[in-house]
Amino acid sequence: MRTDQPQTIYLKDYQAPEYLIEETRLRFELHDDQTLVHAELQLQRNPARGAGLPPLVLHGEELELLAVALDDQALAAGDYQVEAGSLTLQPQGEAFVLKTSVRIHPESNTALEGLYVSGTMFCTQCEAEGFRKITYYLDRPDVMSVFTTTVEADKARYPILLSNGNPVASGDTEGGRHWATWEDPFPKPAYLFALVAGDLWCVEDSYRTGSGRDVALRIYVEPENISKLQHAMDSLKKSMRWDEDVYGREYDLDIFMIVAVNDFNMGAMENKGLNIFNSSAVLASPRTATDAAHQRVEAIVAHEYFHNWSGNRVTCRDWFQLSLKEGFTVFRDAGFSSDMNSPTVKRIEDVAFLRTNQFAEDAGPMAHPVRPDHFIEISNFYTLTVYEKGAEVVRMLHTLLGPDGFRKGTDLYFERHDGQAVTCDDFIKALEDANGADFSQFKRWYSQSGTPRLAVSEQYDAAARTYRLTFRQSCPPTPGQPTKEPFVIPVQLGLLDGQGRELPLRLEGEAAAQGTDRVLSVTQAEQTFTFVDVPERPLPSLLRGFSAPVKLSFPYSREQLTFLMQHDSDGFNRWDAGQQLAVQVLQEMIAGQPLDTRLVEALRTVAADESLDPAMVAEMLSLPSEAYLVELSEQADPGAIHGARRQARRTIAEALRDVLWQRYRSAREESRATPYQASADHIARRSLQNAALGYLMLLEEPEARDAALEQFEHADNMTERLAALSALVNSGFEQEKAEVLARFFEEFKADPLVMDTWLSVQASSPLPGGLARVQALMENPVFTLKNPNKVRALIGAFANSNLVNFHAEDGSGYRFLADQIITLNRLNPQIASRLLTPLTRWKKYGPARQALMRAELERILASGELSSDVYEVVSKSLA
Ligand code: B3K
Ligand code: ZN
């Protein structure tokens, strides 16, 4: 908890460090009631900072300093100053050795940052600024050092002792204790440090790199999870191969380890050679994890592995540059997932997520550029903007340069900056230099916040056979940025004729047509492109594959959207045309008008299309989510949004009953006949099967109920069972609902990850009484506020995925959430701060709800001493 006024830190104030750390030697003595950390740092004056020896100011928080020595001279109390966040002393020469010993208390660390205890093991989380809770250090990413780490602990309880790099020595000591020493030869910032001690089992495999080196691969877990590691191991090996094939990047150490822990603030962490994962991002078995969970494991394993180059070998100069590693690495993992699965479905999922959640962030009080220029608490900036919008920015660079030019650029980037801590400008410069490109205007994507609007209009001249498209871009004001300069917006497009065929594309001034699909760069506030030789009025397919993170508008008629749904050669745009149609229809229903049956007929065609990938059919049958409809509203009415969407879904289910049953039965038949596989075609089949079941259950007919019960009972995998459970939980079949919930609980109560899904399904049910259900579940022994997965599964799901219950008119949902945040502020500030998100969106709702939400934010602000995490979000939301 802070005791002083939180300070804002500015990018413009960046200065290189006064001192560097050449070598770091650490020794940990782990005990039940305390841990001793002995550090020996070889420091030197940073030559880049000039002459003179300024005081050395080391970061350190919640440390009890036991001893400090400079070049082996013990210092007396007057020789140094200890303050809340620092240790200051005066060096006597350019190069020197500093030794410190501190006492820390991982056993009572509930913030899960620094060294802490999860279950029966010790583990660490240092990014961004957690290392300073372990020892006094220059805890900033531009200070890179080689590390040698010795861990000592009780041998029986902690037989496995791990740190970064390669194991070099180990032995026993008195009192039943033992030790192990690890050496990491690659200089790294402290945020990549890791330590694990526990009674862990592992699966082992190996990987031969392209250049013929053998790398040992190990995934460690607590013994009960040893059977759930095959999928993560397969994903790891695929990632290693893919990064060689697509980016020319090989792994560098002799061993690569992953450790799964149950208590973890986020998904996973890319510590050098020793990734630490939330168990939800590693463990997967058909019986306990859904297809989506399998794909999440695959993506996160890849993401953390890819950081070995984009983040570790080349790291960030300062935390404002976070997207340098995160945006790029999300782009890389998306490319990998796309290659391993259906590219179109992957793109649809990513775009739906971005538009619903990142666009909302960009329109809210915490909006910030991909490269923020100030912050109070860096933990608050691990955001959708830095990650997902940052990945879209890299994707646009890839689109503009093409795959070969982009690869030339990344090769130069990795080669030029290997072993360095660099900036987003250095990344862009490498792409420019390798291609002779100029991205100076493009770089506004890094500095301007907000989601640009792109309004497009058309003009066809039959006599001249010309077709003009005029693009007007604008960007709404965001905190601290009242006006914006034009962005570079790559617009991938095609033109369709009356039969749905693609027309050749020739722009005015060009000698010949250049294909039927191309990318235009919109760089001005208003810009017109004229196509020539256009034989008939075309229908434009715009922003294919969502080629830029903008809000595009074009005055399509509903017939034109239906036509695009059936004929566009771009799968993403086929889906998107359906979404645009559904949004129009739902918005009318929200305003009280009846359902436009053209939507139903368009979906009938989709549902019956056996030539379409079943996963695409499932995506196209899914109406825009409530959260997306909220994002699109000027002022959202939760009850009307929920009611309209539910009514539309029921009408669709009635109208499409036969085809839905037919598709459901044939898919379920196949599922029964073939054992579970996590392959793309099986996943696609199950997604359509479950989408159909979801619709059919809305009819509240015994036939559908029986199908759900059969599927729940007999399916051999969690994907089918959970879909059946969730359909029953959201139905009016009270007795069956209670039965399946109880049976599911009995079967899986010992499996924390499955219990998370059991909590989530109930927490997100829109049926009346949602808050009471959540409050009752908080008393269930499987729930604890100390485990972030449990908090997300129950409280997070209620606040983010249960629109009607969370926004209850009496404000009870808001009050409940604020109460939890006030408690969590002391236990785990990062989790408390994350939970605030739905309250920060108060401007989206009507005056009565606004007042209630603001009152809860005020109550949190007045509740006592706030962590910098919670303080920053609450104060900015109220500003
Ligand atoms: N780099 C970590 C995130 C650390 C978050 C610290 N609050 C995981 C990742 O993006 O790969
Ligand atoms: Zn990352």
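Everything numeric in this text was worked out from a predicted model, so none of it was measured. (Residues numbered from 1 in each chain as written. Chains lettered and ligands numbered in written order. Predicted model: local features only at pLDDT ≥ 70, side-chain atom pairs only at ≥ 80, totals over all residues. Heavy atoms only, no water.)

**With respect to the coordination of the zinc ion (ligand 2)**
Every protein donor of the zinc ion (ligand 2) is accounted for by His303 (NE2), His307 (NE2) and Glu326 (OE), and the metal-donor separations fall at 1.9 to 2.1 Å. Each donor residue of the zinc ion (ligand 2) lies on one chain, and together they are spaced H-x3-H-x18-E. Taken together, the positions of His303 in helix 2 (residues 291–306) and Glu326 in helix 3 (residues 322–340) put the pair 23 residues apart, joining distant regions of the chain. Here His303 matches Glu326 in class, with each residue buried. (Donors = N, O, S within 2.8 Å, 3.2 Å for Na, K, Ca; no water. Helix = DSSP H or I, 4+ residues; strand = E, 2+ residues; numbered from the N terminus. Buried < 20%, exposed > 50% of the residue type's maximum accessible area, 1.4 Å probe, protein only.)

**Some remarks on the sheet that holds strand 5 (residues 64–70)**
Either a parallel or an antiparallel arrangement is found when strands of a sheet pair, and the pairing is made through backbone hydrogen bonds. With mixed pairing, eight strands are arranged side by side in an open sheet as 6-5-9-3-2-12-15-14. Of all the strands in the sheet, just strand 6 (73–74) and strand 14 (166–173) have a single pairing partner and so form its edges. Note: strand 5 against strand 9 (residues 95–104), six bridges, orientation antiparallel. Across the sheet, residue Ala69 finds its bridge partner in strand 9, namely Lys99. (Pairing = 2+ DSSP bridges.)

**Some thoughts on the UniProt feature "domain: Peptidase M1 alanyl aminopeptidase C-terminal" (unreviewed entry) in the protein chain**
In the numbering used here, UniProt assigns the "domain: Peptidase M1 alanyl aminopeptidase C-terminal" (unreviewed entry) feature to residues 559–879. In residues 559–879, helix accounts for 75% and strand for 0%; the two terminal C-alpha atoms are 45 Å from one another. (UniProt positions renumbered as here; feature names shortened; annotations may be inferred.)

**Observations regarding the pairing of strand 11 (residues 121–125)**
If a strand is regular, its side chains alternate between the two faces of the sheet. In terms of burial, strand 11 is a largely internal element, five of the five residues being buried. With burial as the criterion, each face of strand 11 is covered, one bearing Met121, Cys123 and Gln125 and the other bearing Phe122 and Thr124. Note that strand 10 (residues 114–118) and strand 11 share five bridges and pair antiparallel. The residue of strand 11 that forms the bridge with Val117 is Phe122.

**Topic: the pairing of strand 5**
Inspection of the sheet shows strand 5 paired to strand 6 by two bridges, in the antiparallel sense. Paired with Ala69 across the two strands is Ala74, which belongs to strand 6. With antiparallel pairing between neighbouring strands as the criterion, strand 5 and strand 6 make up a hairpin whose turn holds two residues, including Asp71 at a positive phi of roughly 45 degrees.

**Regarding the site of ligand 1**
Close contacts around ligand 1 come from 13 residues, with Glu127, Ala268, Glu270, Glu304 and Tyr387 the closest. His307 has a polar side-chain atom sitting 3.2 Å from an oxygen atom of ligand 1. One of the side-chain N or O atoms of Glu326 is found 2.9 Å from an oxygen atom in ligand 1. Its free accessible area being 340 Å², ligand 1 has 95% of it covered by the protein chains. Mapped by element, the contributors of at least two residues to the shell around ligand 1 are strand 20 (268–269), helix 2 and helix 3. Its residues placed into classes, the shell around ligand 1 shows five nonpolar, three polar and five charged. (Near = heavy atom within 4 Å. Polar contact = N/O pair within 3.5 Å; in protein donor to acceptor, adjacent residues only side chain to side chain. Areas by Shrake-Rupley, 256 points an atom, 1.4 Å probe, with all protein chains shown as cover. Nonpolar A, V, L, I, M, F, W, Y, C, P; charged D, E, K, R; others polar.)

**A word on the packing of helix 20 (residues 770–778) against helix 21 (residues 788–801)**
Between helix 20 and helix 21, the least distance of the axes is 10 Å, while the angle of their chain directions is 170 degrees. When the axes of helix 20 and helix 21 are compared, the pair comes out roughly antiparallel. Seen from helix 20, the contacting residues are Gly770, Leu771, Val774, Leu777 and Met778; seen from helix 21, they are Leu794, Ile795 and Phe798. Classifying every residue of the contact of helix 20 with helix 21 gives seven nonpolar, one polar and no charged. (Axes fitted to C-alpha atoms, helices over the stretch in contact; angles between N-to-C directions. Parallel < 35°, antiparallel > 145°, perpendicular 65-115°, else oblique. Contact = heavy atoms within 4.5 Å.)

**Some remarks on the sheet that holds strand 31 (residues 551–553)**
Reading across from one edge, 29-26-25-31 is the order of the four strands in this open sheet, with mixed pairing throughout. The open sheet has two edge strands, strand 29 (526–531) and strand 31, and neither has a second partner. Shown here is a sheet whose adjacent strand axes are inclined to one another by a mean of 20 degrees, direction ignored. Here nine bridges tie strand 25 (residues 453–461) to strand 26 (residues 466–474), and the two strands are oriented antiparallel to one another. Residue pairing across strands places Gln459 opposite Arg468, the latter belonging to strand 26.

**Quick look at helix 20**
Within helix 20, burial applies to Gly770, Leu771, Val774, Leu777 and Met778. The arc enclosing the buried residues of helix 20, seen along the axis, measures out at 125 degrees, which places them on a common side. (Arc of directions from axis to C-beta.)

**What to know about the nonpolar core**
One finds Phe427, Phe471 and Phe531 to be the most contacted residues of the largest nonpolar core, which totals 279 residues. If near-sequence neighbours (up to four positions away) are discounted, Phe427 is found in contact with Leu324, Phe328, Val394, Leu397, Tyr413 and Tyr446. (Core = buried A, V, L, I, M, F, W, Y, C linked by side-chain atoms within 4.5 Å.)

**Here we look at helix 6 (residues 424–435)**
For an α-helix, 3.6 residues make a turn, and residues three or four places apart therefore share a direction. End to end, helix 6 covers 17 Å across twelve residues, agreeing with the expected 16 Å (1.5 Å per residue, within 8%). Contact partners of the buried residues in helix 6: helix 3, helix 5 (384–417) and helix 7 (444–447). Gly436 sits one or two residues past helix 6 and shows a positive phi near 60 degrees. (Expected span 1.5 Å × (residues − 1).)

**As for unusual backbone geometry**
Residues Glu127 and Ala128 are joined by a peptide bond in cis, for which omega reads 0 degrees. With respect to the helices, strands and loops of the structure, Ala128 is situated in the loop between strand 11 and strand 12 (145–154). A positive phi angle is found at Asp533, which is not glycine, with a value near 65 degrees. Within the secondary structure, Asp533 is located in the loop between strand 29 and strand 30 (539–541). A relative accessible area of 44% places Asp533 in the partly exposed class. Of note in the backbone geometry, Glu700 takes a positive phi value of approximately 55 degrees without being a glycine. Inspection of the secondary structure assignment puts Glu700 in the loop between helix 15 (680–697) and helix 16 (702–714).

**Notes on the packing of helix 17 (residues 718–729) against helix 18 (residues 734–748)**
The interhelical angle for the contact between helix 17 and helix 18, taken along N-to-C directions, is 145 degrees, at an axis separation of 8 Å. For the pair helix 17 and helix 18, the crossing hand works out as left-handed. Taken together, the residues of helix 18 that come into contact with helix 17 (itself represented by Met718, Arg721, Leu722, Leu725, Leu728 and Val729) are Glu736, Lys737, Val740, Leu741, Phe744, Glu747 and Phe748. (Left-handed = near helix turned anticlockwise from the far one by under 90°.)

**Focus: the UniProt feature "domain: Aminopeptidase N-like N-terminal" (unreviewed entry) in the protein chain**
According to UniProt, the "domain: Aminopeptidase N-like N-terminal" (unreviewed entry) feature falls on residues 109–192. Across residues 109–192, helical content stands at 0% and strand content at 52%; the span's end C-alpha atoms are separated by 19 Å.

**Points about the environment of Asp142**
Looking at the secondary structure, you find Asp142 in the loop between strand 11 and strand 12. Sequence-distant contacts of Asp142, that is, excluding residues within four places in its chain, are made with Tyr14, Ala16, Pro17, Cys316, Arg317 and Ala421. In terms of polar contacts, Asp142 uses its side chain to reach the side chain of Tyr14, at 2.5 Å. At 2.7 Å, the side chain of Asp142 and the side chain of Arg140 are in polar contact.

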